[in-house]
Amino acid sequence: MWFNVSMVQSGKKKVLCFETDEQGISMKIYQGVMLTLEVIVLIVKMYATWFYSIYKFFVPPEPKSVKGEIILITGAGHGMGREMALSFAKLGGTIVCVDINPTGNQETVEMIKDSKGKAHSYLCDVTSRTSINEMADKIRKEVGEVSILINNAGIMPCKPLLQTGEKEIRTAFEVNCLAHLWTLQAFLPGMMERNHGHIVAMSSMAGVIGLRNLVPYCGTKFAVRGMMEAIHEELREDPRDFSGIKLTCICPYIVDTGLCKNPKIKFPSLMKILSPQEAVKHIVDAVRREYQEITIPSSLYYINQMFRVFPRSVPLHIKDFLDSGLEAQ
Ligand SMILES: NC(=O)c1ccc[n+]([C@@H]2O[C@H](COP(=O)([O-])OP(=O)(O)OC[C@H]3O[C@@H](n4cnc5c(N)ncnc54)[C@H](O)[C@@H]3O)[C@@H](O)[C@H]2O)c1
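What counts and what doesn't
- Residues numbered from 1 in each chain as written.
- Predicted model: local features only at pLDDT ≥ 70, side-chain atom pairs only at ≥ 80, totals over all residues.
- Heavy atoms only, no water.
- Buried < 20%, exposed > 50% of the residue type's maximum accessible area, 1.4 Å probe, protein only.
- Helix = DSSP H or I, 4+ residues; strand = E, 2+ residues; numbered from the N terminus.
- Pairing = 2+ DSSP bridges.
- Near = heavy atom within 4 Å.
- Polar contact = N/O pair within 3.5 Å; in protein donor to acceptor, adjacent residues only side chain to side chain.
- Areas by Shrake-Rupley, 256 points an atom, 1.4 Å probe, with all protein chains shown as cover.

Here we look at the pairing of strand 3 (residues 70-74)
Most of strand 3 sits inside the fold, with five of its five residues counted as buried. Residues I70, L72 and T74 line one face of strand 3 and the alternating positions I71 and I73 line the opposite face, and both faces are buried. Relative to strand 4 (residues 94-99), strand 3 runs parallel, the two being bridged by five bridges. When the sheet's bridge partners are listed, T74 is paired in strand 4 with V98. One ladder, built from three bridges, connects strand 3 with strand 6 (residues 148-151); its direction is parallel. Paired with L72 across the strands is L149, a residue of strand 6.

So, the site of the ligand
As a matter of local geometry, the ligand sits amid 27 residues, with H78, D99, Y217, V255 and T257 nearest to it. Separating an oxygen atom of the ligand from a side-chain N or O atom of H78 is a distance of 2.6 Å. V126 places a polar main-chain atom, nitrogen or oxygen, 3.0 Å from a nitrogen atom of the ligand. Computed on the free molecule, the ligand has an accessible area of 840 Å², of which 92% lies beneath the protein chains in the complex. Counting only elements with at least two residues in the shell around the ligand, the list comes to helix 2 (79-90) and helix 6 (215-237).

Written out as structure tokens, the structure is:
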């Protein structure tokens, strides 16, 4: 009879193990069968999820109610932030408007109150982690636990990289990107305690494709998508159940808020500049249906996915043909 000899770690000690040829072969067969079964389960899961996604494409989930939710929106004093505040307030949410601009923020609050909605104003520069934490404590005492967090505040330096100053670059990252981490650290624990919440992040089509004159901005918006994907995994892989916390990342193209000052569009019917109201309709719908990521318009999502399969130069031809983007300002 032949023996296979191997060293096996047992606690802090290494132990010599003897097994007969027959035992070794049965162990290998057992391991092979188990691996095959795991692969079969994986393939079945992948197909089931794929078919379910196709089904969901044609039969979208019902929009959830946001009535009674406490919805914090950064950058609520202007543009899409203001429109989101007005729309969610109409749907019965209590809106916590946050902005660095006191006048714009207060105007949004007054507009909500005029239409019998509930809103609170908090002045905060979202680049300051200390200010965010102080504001979070105040909101908890004065309004309650935030259940929907919308990281919307953003700025956009629009010029060639070599003409963009250090301060502009650092501020873009602080507002568009780091602020998301500070608000997450402040409000996610409350959502985790209750296994209930929704985090919404404003990325951009500039977070999906690289565009000239927007090098730092694209960096911040790609980062937002990366952070959202990573936090999704952190929650999903946690042994505790956080299935009640939803994430939505929004990637609009150009919205007429004044942020994009010099848009250039060759085919306006295909890539229309949307009003903030039109864009926010899509955003509210995506949040209520708990979509993980959308582009506005939605066709850009599929166009991008399709062309990323080709070698890099192929989508570049399409990009050149569409000849759209932002001129330096
Ligand atoms: N407008 C577009 O075409 C477009 C396209 C794609 C993505 N986005 C993104 O959508 C978001 C909203 O864009 P918008 O066009 O409505 O912007 P906007 O300029 O109309 O409003 C931005 C708001 O953020 C506030 N803000 C700026 N810095 C702040 C800070 N440090 N602390 C707190 N508040 C601050 C401003 O005061 C302002 O009220 C941004 O993140 C932007 O990058 C916009």
